[in-house]
Every structure is written in structure tokens, then in C-alpha cells.
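A closer look at the structure
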There are 2 protein chains.
Amino acid sequence: MNIVIIGSGNVAAVLGRKFKAAGHTILQVYSRNASAASVLAYELDTESTNYKTMISRQADFYLIAVNDDAISEVTDNLLLPGKLVAHTAASVPMEVLKGVSEEYGVFYPLQSLRKEMVSLPDVPVFFDGNTDTAKRKLAELAHSISNEKVKEAGDEARLKLHVAAVMVSNFTNHLYALAADYCRKEGLDFKQLLPLIEETALRIKNVPPREAQTGPAVRHDGDTIQKHLELLQAYPHLKNIYVLLTESIQQG
Amino acid sequence: MNIVIIGSGNVAAVLGRKFKAAGHTILQVYSRNASAASVLAYELDTESTNYKTMISRQADFYLIAVNDDAISEVTDNLLLPGKLVAHTAASVPMEVLKGVSEEYGVFYPLQSLRKEMVSLPDVPVFFDGNTDTAKRKLAELAHSISNEKVKEAGDEARLKLHVAAVMVSNFTNHLYALAADYCRKEGLDFKQLLPLIEETALRIKNVPPREAQTGPAVRHDGDTIQKHLELLQAYPHLKNIYVLLTESIQQG
């Protein structure tokens, strides 16, 4: 397919690379941020332009990969009759695109994407479309870049998936960040925890997480928990989180 | 070395396998739980016995790999003059072993170990010893089974490492478990989140977790957070955790 990427952030960059690697042609990177657009366009062997100039009319598919709150700014000024248009946002209804074209949908990659990524990770894609044809085209496009699950998901299912994704990715990464801060302040090397982090994340491919639970909370090892809370006296914020999550584990 | 493993739980089983794979000889599995001991002994090509019978006196090294609160039960009845003895507990002082032998220490594997593991993960080892000789022997033993860091760590450093380990492993696994429950109740397939979980855990090898943070909390995307909290009305427990960790991310 011939594709215009609207946006030049993390999702735009990684999906752009995936499309290019799959043999699609990126006709243009269209973005508010001229500098980021020009960097991404160079990488994708294409042209870039910002919102002041014209968007290409030659593409089959227009991917709106901008922050949730910037989608309306894009759609307010965009008329693409006869073109397939989709946004990438989990938590934004498909219908925000109904004024842009007769054929529109959603192309939501369930992955944490960062433009600095050296290698492209596997990306499950959840799509939706306003017509059967839009759905079929978006499903084909998803299959062209993903070895993972490609599945239809309406507005509500996407929003729920996003909640679960926030818990397993954003919140776990925050626990990594808090532990890294703690290690730095206590003179410990956070990188010593990496094998443990990897094992914890990878074993749930084979063992349901509830059965894989280990540690003082699930053992109801009050002595150890008490020692840990004493150490965390100097870190009231960490201590709050420790108490809440320990209680949550013990509630089962 | 000739080794007696005291205990037959997760740590005993996995360290026993690692010692055997490294060419050491397991002389005996000595455990309160006769049935688990016999299964582990069979796997390690050795004998098992429970606390009512005699512990072998032929070994060079005795590893006490039992739950923290069972260590005193073991040490109360154990006299091993001239032998090297170590326990595996992060949060228990080394000195609990001083009545057992003149040469003792700690052999703490910083990893989440489960006897059901099919493949043995990398295991950083933190050791301590009451004499330079004990330290040297335990360091050598650690190097024989670990490609990861082997490092001396006193009681306080081990306790602090354990706090950090609880945060990055026990608490993250609990978030996985909560998300899996949520997905099941909402009719979503939790396994669709596995690529995201893997990417989140593995990328911090290269990017500090604070820089890797993504999601609505760090973007201060109040609209999305509000939609998520509305979805979580039916899950007050999840909602509490969502609010606390979102606020924690936004405090930076």
C-alpha cells in the first residue's frame, strides 16, 4: 500500500518502520513537528511536510499516529474523500474520524513503542472499521506487519485492553523506576536485578501469574515484611506502595 | 564439592540442580518434608532423609535452603563442627548460624526460583562469610553455578536488595495477576499482553526505567485516565491501585 503517516512521535516512527520493512511505500510524513518529521522521513526514504503545507493525495491509507488530544486538531482540517483513514489510539472512539472520509477505522498496536528502539518488537494489533471493507483492509495491513495476534476490537474492548496494558506495562515500569531510585540512593547496583525482572516477566508465558507469585507477602512472612517496612521508614512514598501491594497480594 | 542440601522447596531444588549441573556431588537431601525430599533426591541422584534420621557427616558444605522462619528449627538441632554451612535467606542475619559450626555464611540467590522451572535461569549470588576462608569458598561455589554477578553482601545490603527484589518481582507479578483477573472477567485474552510485558521488562537493559516510562500518567493525559477510572468503578480494589500508581508516576 501507499501510506501517509500523520505524526512523527513514537507510534508513528515504529509503525512507519514496520510498514516499510513489510514492503509498503511511505509517501509522506505529515506532522506538526517539522524537525521530527524530517528525521523520520529521512529514515523512511520519503518526504516530510508540516501542517502548513499540503498533505499528499496519492496514498491509499492515512495513519493518524498522534497523541490522543491532538487527534481532533488533525481531523478538524482533514478531508480525504475516497481514502482509508485510521487512528492508533486505544482510548479514542472510532467515530472521531467520520468527518474525514467515508472509510475509516482504528489501528491500535498493543505495545509500548519508542522511536529509540533498535529492534522492532512483536506488536499485536487491534483494528476496527466503519465498513466490512475498511475492516478487511486494516486486518490485511495488520497481518503484513505482525506475527502476533491481529484481532477486531471495538471502542469499549480497546479501552479495556488499554487499562490492562497500563497495569502490566506503565505501572510495572514505574516499580522498576522506583526500585532503581532506591538502589541508587542505597549504593546498590540496580542492574543486578535484571535477571530477576526478566525471569518474572517471561515465566508467565507458561505459568499463570497468580500461581507464579512468590515472596514474603504471599508467604505471610510477617517478620520479613516488618524488617522491610523498617528499612522504608526513610521512604514514606515507597512504604505506602509496599503496604498497599502487600495487602493486595494477601487478599488473594 | 560434596554437598548436603537441607530443605526440599523451590530454592533447594533449583540450587541443587545448579550444583549438580556444575559437577558438584549432592550427598543427601535432608528435609522435614519426606515426600518432597525423596522426589528431589531422585532428581539429584542422591539419598534423602527427614529430620528424624541422621544427617550425613561426609559433606564439605551444608546449604540450609528452608523458609526464613524454619531456619531456627534447623539450626537448633544441628552441630556440624569443621564443616562450611550457609543459609540462603536474604533477610536473615548470618549470625543465626554461629552455633552450628565455626565456619558459616550466607549464599543468597537473587532470583525468583520455582521447582517447576524447566530451564534454570541466570542467578546473581550474594554471599557473606564469618571468615575470609568461608567467604572465599562461598564465592568459588557461587562462581561455579552463576554467569551473573557474584558479590559479597552483608546483612543490611542483602535486606535492602530483598526490598528492591520484592518491588520489581513480587509486586510486578501481582500486577500481572490483577490484570489477568480483569481480562478474564471482561472476556479479554490476557496472553495478548505478553509481548508488551516482555518488551517492558527487557528494554530496561538498555534504557533506564525512568526514561522508558510511557502511558497516560506520564503524559498527564487526564481524559484517558478519567475514562479508565470510569471503567474501574466496578473494581474498587484495582481502582485504588490505579490511582496510587498514577499519582506516583506523576510525582516524577
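Residues numbered from 1 in each chain as written. Chains lettered and ligands numbered in written order. Predicted model: local features only at pLDDT ≥ 70, side-chain atom pairs only at ≥ 80, totals over all residues. Heavy atoms only, no water.

Thoughts on the overall build of chain A
Stated precisely, the cut-off is as follows: Each helix corresponds to a stretch of at least 4 residues labelled H or I by DSSP, and each strand to a stretch of at least 2 residues labelled E; elements are numbered beginning at the N terminus. Each residue gets one of three labels from its accessible area relative to the maximum for its type: buried under 20%, exposed over 50%, partly exposed in between, using a 1.4 Å probe on protein chains only. Note on definitions: a residue-residue contact is assigned when non-hydrogen atoms from the two residues lie within 4.5 Å.
A tally of helices and strands in chain A yields 9 helices and 8 strands. Oriented by its inertia axes, the alpha-carbon framework of chain A measures out at about 70 × 35 × 30 Å. In chain A, which comprises 252 residues, the proportion classed as buried is 59%. Contacts in chain A between residues far apart in sequence, at least 24 positions, make up 53% of those at least 6 positions apart.

Some points on the confidence of the model for chain A
Stated precisely, the cut-off is as follows: Every residue is assigned a pLDDT by the predictor, reflecting its confidence on a scale from 0 to 100.
Per-residue confidence for chain A gives a mean pLDDT of 94; residues scoring 70 or more make up 99%. With pTM at 0.93, the complex prediction returns an ipTM value of 0.93.

Digging into the interface of chain B and chain A
Worth spelling out the cut-off: Summed over both partners, the accessible surface that disappears when two parts come together, traced with a 1.4 Å probe, is what is meant by buried area. By salt bridge we mean one thing: a side-chain nitrogen of Lys or Arg within 4 Å of a carboxyl oxygen of Asp or Glu. Pairs of N or O atoms within 3.5 Å make up the polar contacts considered here, provided that, within protein, one atom can donate a hydrogen while the other can accept it, and that residues adjacent in sequence are counted only when both atoms are side-chain atoms. Under the grouping applied here, Gly and all other residues not named as nonpolar or charged are polar, the nonpolar ones being Ala, Val, Leu, Ile, Met, Phe, Trp, Tyr, Cys and Pro and the charged ones Asp, Glu, Lys and Arg.
If you look at the interface, chain B gives 88 residues, while chain A gives 88 residues. Summed over both sides, the interface between chain B and chain A buries roughly 8,600 Å², with carbon and sulfur atoms accounting for 67% of that surface. Our count for the contact surface shared by chain B and chain A stands at 8 salt bridges. Here A:R210 ties to B:D181 by a salt bridge, and the two come within 2.4 Å at their closest N and O atoms. Joining chain B to chain A, the criterion identifies 40 residue pairs in polar contact (both at pLDDT 80 or more). Secondary-structure elements contributing two or more residues to the side of chain B that touches chain A are α5 (155-186), α6 (194-202), α7 (209-212), α8 (222-231) and α9 (236-251) of chain B. With 27 residues, α5(B) is the largest single contributor of residues to the side of chain B that touches chain A. Residues that form the side of chain B that touches chain A fall into these classes: 47 nonpolar, 21 polar and 20 charged.

Overview of the domain arrangement of chain A
Residue and element names in this part refer to chain A. Applicable threshold: Here the limits of each domain have been adopted from an automatic or database domain assignment.
Per the domain assignment, the segments of chain A are domain 1 (2-153) and domain 2 (159-251). The C-alpha centroid of domain 2 is placed 35 Å from the C-alpha centroid of domain 1. Each partner contributes to the interface: domain 1 provides 6 residues, whereas domain 2 provides 5 residues. In total, domain 1 and domain 2 occlude about 450 Å² of area from one another, counting both sides; carbon and sulfur atoms represent 67% of this. Contact with domain 2 buries surface across domain 1, with A90, S91 and L110 losing the most and accounting together for 59% of the total. At the junction of domain 1 with domain 2, the criterion picks out 1 residue pair in polar contact (both at pLDDT 80 or more). For the side of domain 1 that touches domain 2, the residue count by class is 4 nonpolar, 2 polar and no charged.

Overview of the pattern of salt bridges
Opposite charge on two side chains allows them to pair when their charged atoms are near. Throughout the structure, instances matching the rule amount to 30 salt bridges over all chains. The shortest N-O distance in the salt bridge between A:D155 and A:R158 comes to 2.9 Å. Taken as a pair, A:D155 and A:R158 lie in helix α5 (residues 155-186) at a separation of 3 residues, close to a single helical turn. Here A:D155 falls in the partly exposed class, since its relative accessible area comes to 31%. Residue classification places A:R158 among the buried residues on the basis of a relative accessible area of 0%. Salt-bridge contacts for A:K160 lead to B:E186; the nearest nitrogen and oxygen are separated by 2.7 Å. Taken together, the residues span two chains, with A:K160 in helix α5 and B:E186 in helix α5. The buried category is assigned to A:K160, whose relative accessible area is 13%. With relative accessibility at 23%, the residue B:E186 sits in the partly exposed group.

Describing the packing of helix α9 (residues 236-251) of chain A against α5(B)
In a pair of packed helices, the angle between the axes and the distance between the axes together describe the arrangement. What counts is decided by this rule: Angular values range over 0 to 180 degrees, each being the angle between N-to-C directions of two axes fitted as lines to C-alpha atoms, with helices fitted over their stretch in contact. Throughout this description, any angle smaller than 35 degrees is read as roughly parallel, any larger than 145 degrees as roughly antiparallel, any in the 65 to 115 degree range as roughly perpendicular, and the remainder as oblique. Whether a crossing is left-handed or right-handed is set by the direction in which the near helix is turned from the far one by less than a right angle, anticlockwise for left-handed and clockwise for right-handed.
Where α9(A) meets α5(B), the closest approach of the two axes is 10 Å, and the angle between their N-to-C directions is 50°. Relative to α5(B), the element α9(A) lies oblique. Considering the relative orientation of α9(A) and α5(B), their crossing is left-handed. The residues of α5(B) that touch α9(A), namely those facing A:L238, A:I241, A:Y242, A:L245, A:T246, A:S248 and A:I249, are B:V166, B:M167, B:N170, B:F171, B:H174 and B:L178.

A look at the environment of B:V100
Residue and element names in this part refer to chain B. Tracing the sequence through the fold places V100 in the loop between β5 (84-87) and β6 (103-109). Through-space distance from the C-alpha of V100 to that of L84 is 9.4 Å; in sequence the pair is 16 residues apart. Among residues more than four places away in sequence, those in contact with V100 are T75, L78, L79, L80, P81 and V85.

Digging into the sheet that holds strand β7 (residues 125-129) of chain B
Residues and elements named next belong to chain B. What counts here: Strands are treated as partners if at least two bridges between them are detected by DSSP.
Taken in spatial order, the 8 strands line up as β3-β2-β1-β4-β5-β6-β7-β8 in an open sheet, and their pairing is mixed. Among the strands making up the open sheet, the edge pair consists of β3 (47-49) and β8 (150-152). Direction aside, neighbouring strands of the sheet carry axes that sit 25° apart on average. Contacts from α5 reach β5, β6 and β7, with the element oriented near 20° to β6.

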